[in-house]
Amino acid sequence: KNQVEQSPQSLIILEGKNCTLQCNYTVSPFSNLRWYKQDTGRGPVSLTIMTFSENTKSNGRYTATLDADTKQSSLHITASQLSDSASYICVVGLSGGYQKVTFGTGTKLQVIP
Amino acid sequence: NAGVTQTPKFRVLKTGQSMTLLCAQDMNHEYMYWYRQDPGMGLRLIHYSVGEGTTAKGEVPDGYNVSRLKKQNFLLGLESAAPSQTSVYFCASRPRTGELFFGEGSRLTVL
């Protein structure tokens, strides 16, 4: 069964600190891995997308890594800001006609002053 | 350029009532999707469409119907709402190869 598991479920950090979120997947055949940010009451917004051949991708203070051999990804947030408070969702895409995707349940991050 | 727009944003229904959620995108995307998001679960695909006039079932299609009469619109219908359909519904669209763009969500409560 294709699954995407994220850890931790929730996280509280102080403003200015760094943090790393984890994503493990059993999806096959793998096509790509994406990280989304979802603010409370809003729709998910894409942060990064990586294909099989890419092992790191940055978007400002967000850096995603991918190890396709171990089927693990991480999202590192540098110098966190209050506006980083959100849920972060790992999404793995399968190869296929309409590129089916499997969503993780997300990590809820709270950045406090 | 509004992106993906969902209406209504909030709705309360009684069990057995029917309703339609509208999704409109102005990016000329081929593919459109309806997902539901429930606490503790990842987004689950209800139905999707790969082009005007075509629809297909996703993971959790029971109790829902969809139509895509125009390329820019994707409608999600509930013929006889049940409390189990209380959820937040998200519409998304994307080009043939590219990223998913999500709407802001429609929160539905069925009493």
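Conventions we followed
- Residues numbered from 1 in each chain as written.
- Chains lettered and ligands numbered in written order.
- Predicted model: local features only at pLDDT ≥ 70, side-chain atom pairs only at ≥ 80, totals over all residues.
- Heavy atoms only, no water.
- Helix = DSSP H or I, 4+ residues; strand = E, 2+ residues; numbered from the N terminus.
- Buried < 20%, exposed > 50% of the residue type's maximum accessible area, 1.4 Å probe, protein only.
- Pairing = 2+ DSSP bridges.
- Axes fitted to C-alpha atoms, helices over the stretch in contact; angles between N-to-C directions.
- Salt bridge = Lys/Arg side-chain N within 4 Å of Asp/Glu carboxyl O.

Trainee: Describe in detail unusual backbone geometry, supporting the description with residues and values.
Mentor: P8 of chain A follows S7 of chain A through a cis peptide bond whose omega is -10 degrees. Its place among the elements puts P8 of chain A in the loop between β1 (4-7) and β2 (10-14). Backbone torsion omega between T7 of chain B and P8 of chain B reads -10 degrees, so that peptide bond is classified as cis. If you trace the backbone, P8 of chain B turns up in the loop between β1 (4-7) and β2 (10-13). Here K71 of chain A, not a glycine, exhibits a phi torsion of approximately 60 degrees, which is positive. As for its position among the elements, K71 of chain A is in the loop between β7 (62-67) and β8 (72-77). Taking relative accessible area as the criterion, K71 of chain A reaches 30% and is therefore assigned partly exposed.

Trainee: Give me the lowdown on the sheet that holds β1 of chain B, citing residues and values where you can.
Mentor: In a beta sheet, neighbouring strands are held together by backbone hydrogen bonds and run either parallel or antiparallel to one another. Residues and elements named next belong to chain B. Taken together, the four strands give an open sheet; going across it, the order is β1-β3-β8-β7, and neighbouring strands pair in antiparallel fashion. The open sheet has two edge strands, β1 and β7 (64-67), and neither has a second partner. For this sheet the average axis-to-axis angle between neighbouring strands, irrespective of direction, equals 20 degrees. Strand direction decides the pairing type here: β1 and strand β3 (residues 19-25), joined by four bridges, are antiparallel. Across the sheet, T5 pairs through a bridge with A24, a residue of β3.

Trainee: Provide a residue-level description of the pattern of salt bridges, including the pertinent values.
Mentor: Where charged atoms of side chains with opposite charge meet at close range, the side chains can pair. Tallied over the entire structure, the rule returns nine salt bridges over all chains. For E99 of chain B, the salt bridge identified is with R34 of chain A, shortest N-O distance 3.2 Å. Within this pair, whereas E99 of chain B is found in the loop between β9 (87-94) and β10 (101-102), its partner R34 of chain A is found in strand β4 (residues 30-38), the two belonging to separate chains. The exposure classification of E99 of chain B matches that of R34 of chain A, with both residues buried. With a shortest N-O distance of 3.0 Å, K71 of chain B and E30 of chain B are connected by a salt bridge. Separated by 41 residues along the polypeptide, K71 of chain B in the loop between β7 and β8 (73-78) and E30 of chain B in the loop between β3 and β4 (31-37) bring together distant segments of the chain. A cluster of three or more residues bridged by salt bridges with shared partners is formed by E30, K71 and R96 of chain B.

Trainee: I'd like to hear about the environment of G41 of chain A, residue by residue, with values.
Mentor: Residue and element names in this part refer to chain A. Tracing the chain through its elements places G41 in the loop between β4 and β5 (45-51). Relative accessible area serves as the criterion here: at 57%, G41 is assigned to the exposed category. It is 19 Å that separates the C-alpha atoms of G41 and I12, two residues lying 29 residues apart in sequence.

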